Amino acid sequence: MDFYYKAPVWEEESDIPHTTKLAKPIKPIKVKNARVIDVTDAKYRRSTFSGTFLLGDQVLILDGKNNATRVEVLCKWFGHRLATRGLAFTVNLKTARVNDNYTGEVFSDFSKKLD
């Protein structure tokens, strides 16, 4: 989790985009015995993506209208973190999978995909 908490804090007036459809998960890191979520077609700041992410401390918030929920994950946005919490992804409850004892790679950042 150091990768997240040691990252610089994102500030609105910086050069980091507030939203972009071009952002994709990048920089996989290895974790051991971690609580993660595997998502398909999740959404964050106008970006749609799939992958495995380290879960934050917040509880899932259900939205019964469309089978979606907001999930807090520890992942950077263009190399920066939010000041008070992780990123809040919107995920489909029917396709997302939580693993409480995962060993493997998770994405640690979002940025524009490099060609």
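Right above here is the structure, for reference.
Residues numbered from 1 in each chain as written. Predicted model: local features only at pLDDT ≥ 70, side-chain atom pairs only at ≥ 80, totals over all residues. Heavy atoms only, no water.

Draft legend 1. Seen up close, the side chain of Ser47. Tracing the chain through its elements places Ser47 in strand 2 (residues 47-54). Judged by relative accessible area, which is 1%, Ser47 ranks as buried. Among the polar contacts made by the side chain of Ser47, one reaches the main-chain carbonyl oxygen of Ala23 at a distance of 2.4 Å. Those residues in contact with Ser47 that lie beyond four places of it in its chain are Thr20, Lys21, Ala23, Lys24, Ala42 and Phe110. (Helix = DSSP H or I, 4+ residues; strand = E, 2+ residues; numbered from the N terminus. Buried < 20%, exposed > 50% of the residue type's maximum accessible area, 1.4 Å probe, protein only. Polar contact = N/O pair within 3.5 Å; in protein donor to acceptor, adjacent residues only side chain to side chain. Contact = heavy atoms within 4.5 Å.)

Draft legend 2. Looking closely at the nonpolar core. Core analysis: the largest hydrophobic core is formed by 30 residues, its most contacted members being Ile37, Phe53, Val73, Trp77, Leu87, Phe89 and Phe110. Of all the secondary structure elements, the ones that give two or more residues to this core are helix 1 (2-5), strand 1 (23-44), strand 2, strand 4 (68-73), strand 6 (87-92) and strand 7 (97-112). It is strand 1 that provides the largest number of residues to this core, a total of eight residues. (Core = buried A, V, L, I, M, F, W, Y, C linked by side-chain atoms within 4.5 Å.)

Don't take any of this as a statement about function, it's just geometry.
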